[in-house]
Amino acid sequence: MEEKKLKIYYFSPENSGVGYYRFYQPLEELKEKELIELKNWGFDFTGKRFELPSVKELREISEWGDIFIFGRLDIPEYFKIIQIIREFSKKPVLLDIDDNIFSISPYLPAKQAYDPNGQVMAIHKDIAKYVDGIIVSTPALETIYKSFNKTWIIPNGVKYLYEKQHHQGVRIGYFTSNSHLENAQLIENAVTNVLMKYSNVIFYYTKSFQGFMDKIPKQIESQVNYLPFFPLKDYLKYVNNLGIDIGLAPLMDNDFNKAKSNIRILEYWQNGISVVASPLDEYSKTITHGFDGYLSQNNEWEHWIDDLIKNPERRNYLVKNSKETLARYDIGIFAYRYYKILRELVK
């Protein structure tokens, strides 16, 4: 007898890359394969603020779904929604976690809110204990959250490969959000020095914070391109159109970053970009140094960037091999793993 399709409802407080990689992409993959029916609250590619549903809407959601997955939002009203859904539906509710909020970097705006003894942290712990299980993106997060609840790892994955856009000169890219100033500072001197050395090199980055590349020499100003945030739906196409040759993925060595996924590397590889990255947990597990990318210590960034600028054949070699590695991170693999977990919980 054919199994009935699972009805999955997810809540995504972040209408951003987190919502895209943690919910939209893997669950839409399952929907396309006709394994599930899917609805959501909060994710629609518009970037609009998350608004809480009414009690009437919650009752309707509870009656429709077989299982409910919640992104992180540590406020009392959101916890109440989780409780209402669970009590109305009598069905499993899960929490999805993509960051180590127990070790937030002092550079992040959320640092003050997540005081270890504060209300926000207390709510987060209560939610983690209340739900029927927790989905995390990395083994480091599993280690943290398994003391709260049953935990499963569903890594971030990718779906599409894009053809490289060819151009003159060499283009370096660094795409990030406003929470990565400490990481950006690891590469600032290296990028400045290679731009001073090579007039045919252009650097593209998202200017999402102050304190990075703000005081560059006048002679390289024309080689630095500040980019606005790309619309989420077309983000990878925008990156592809830039024709980046070398993608940088710096991470400061701290507990917050050690729980980060490898999605930045995978995004570069999707676009045929050779990668230089910090040798932290998921980055070092993903990249084989010298085969499909470079792993750079803090004092080596200029060396490895310079090597790739001078050696296009080396860039091509890394890109060719990265496609082989990238196949291991196909979202179809992780989506089906997700499906088996959800199906087992609904039985």
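My aim in this report is to walk through the structure given alongside it, one point at a time. (Residues numbered from 1 in each chain as written. Predicted model: local features only at pLDDT ≥ 70, side-chain atom pairs only at ≥ 80, totals over all residues. Heavy atoms only, no water.)

1. A short note on the pattern of salt bridges
Then, number 1: Using the criterion set out here, one finds 15 salt bridges in the structure.
Then, number 2: Residue Asp 132 is joined to Arg 86 by a salt bridge in which the shortest nitrogen-to-oxygen separation is 2.9 Å. Here Asp 132 is found in the loop between α4 (119–130) and β5 (134–136), whereas its partner Arg 86 is found in helix α3 (residues 76–89), with 46 residues between them in sequence.
Then, number 3: A salt bridge links Lys 164 to Asp 245; the nearest nitrogen and oxygen atoms lie 3.0 Å apart. Of this pair, Lys 164 sits in the loop between β6 (151–153) and β7 (170–174) while Asp 245 sits in the loop between α8 (235–242) and β10 (246–249), placing them 81 residues apart in sequence.
Then, number 4: In this structure, a network of salt bridges that share partners links the residues Glu 29, Glu 32, Lys 33 and Lys 159. (Salt bridge = Lys/Arg side-chain N within 4 Å of Asp/Glu carboxyl O. Helix = DSSP H or I, 4+ residues; strand = E, 2+ residues; numbered from the N terminus.)

2. Concerning the environment of Ser 16
Then, number 1: Mapped onto the elements, Ser 16 comes out in the loop between β1 (6–11) and α1 (17–32).
Then, number 2: Taking the C-alpha atoms as reference, Ser 16 lies 34 Å from Asn 200; in sequence the two are 184 residues apart.

3. Some details on the packing of aromatic side chains
Then, number 1: Taken as a whole, this structure holds 26 aromatic pairs when the rule is applied.
Then, number 2: Relative to Phe 148, the ring of Phe 102 lies with its centre 5.7 Å away and its plane at 20 degrees, an arrangement referred to as stacked. Placement of Phe 102 in the loop between β4 (93–97) and α4 and of Phe 148 in the loop between α5 (139–145) and β6 is noted, with a sequence separation of 46 residues between them.
Then, number 3: Among the aromatic residues, ring-to-ring pairing joins Tyr 9, Phe 11, Phe 50, Trp 64, Phe 70 and Tyr 78 into one connected group.
Then, number 4: The ring of Phe 45 carries the charged tip of Lys 233 above its face, separated from the ring centre by 5.5 Å. (Phe/Tyr/Trp six-rings, centres within 6.5 Å; stacked < 30°, edge-to-face > 60°. Lys NZ or Arg CZ within 6 Å of the ring centre and 35° of its normal.)

4. Side note on the nonpolar core
Then, number 1: One finds Leu 27, Phe 203, Phe 212 and Leu 248 to be the most contacted residues of the largest nonpolar core, which totals 81 residues.
Then, number 2: Looking at this core element by element, the count peaks at seven residues for helix α14 (residues 331–346).
Then, number 3: Not counting residues up to four positions away in its chain, the partners in contact with Leu 27 are Ile 8, Tyr 10, Ile 36, Leu 38, Ile 69, Tyr 338 and Leu 342.
Then, number 4: Judged by nonpolar contacts, the second largest core, of 35 residues, contains Phe 50, Leu 108, Ala 128 and Ile 134. (Core = buried A, V, L, I, M, F, W, Y, C linked by side-chain atoms within 4.5 Å. Buried < 20%, exposed > 50% of the residue type's maximum accessible area, 1.4 Å probe, protein only. Contact = heavy atoms within 4.5 Å.)

5. Topic: the sheet that holds β10
Then, number 1: If you walk across this open sheet you meet the six strands as β9-β8-β7-β10-β11-β12, and the pairing is parallel. Looking at which strands have only one partner, the edges of the open sheet turn out to be β9 (224–227) and β12 (294–295).
Then, number 2: The sheet contact formed by strand β11 (residues 274–277) and β12 spans two bridges and is parallel. Across the sheet, the residue bridging to Val 276 is Tyr 294, located in β12.
Then, number 3: Against the sheet, helix α12 (residues 301–310) makes contact with β7, β8 (201–206), β10, β11 and β12, and its axis sits at roughly 165 degrees relative to β10, the strand it touches most. (Pairing = 2+ DSSP bridges. Axes fitted to C-alpha atoms, helices over the stretch in contact; angles between N-to-C directions.)

That's the geometry; what it means functionally is another story.
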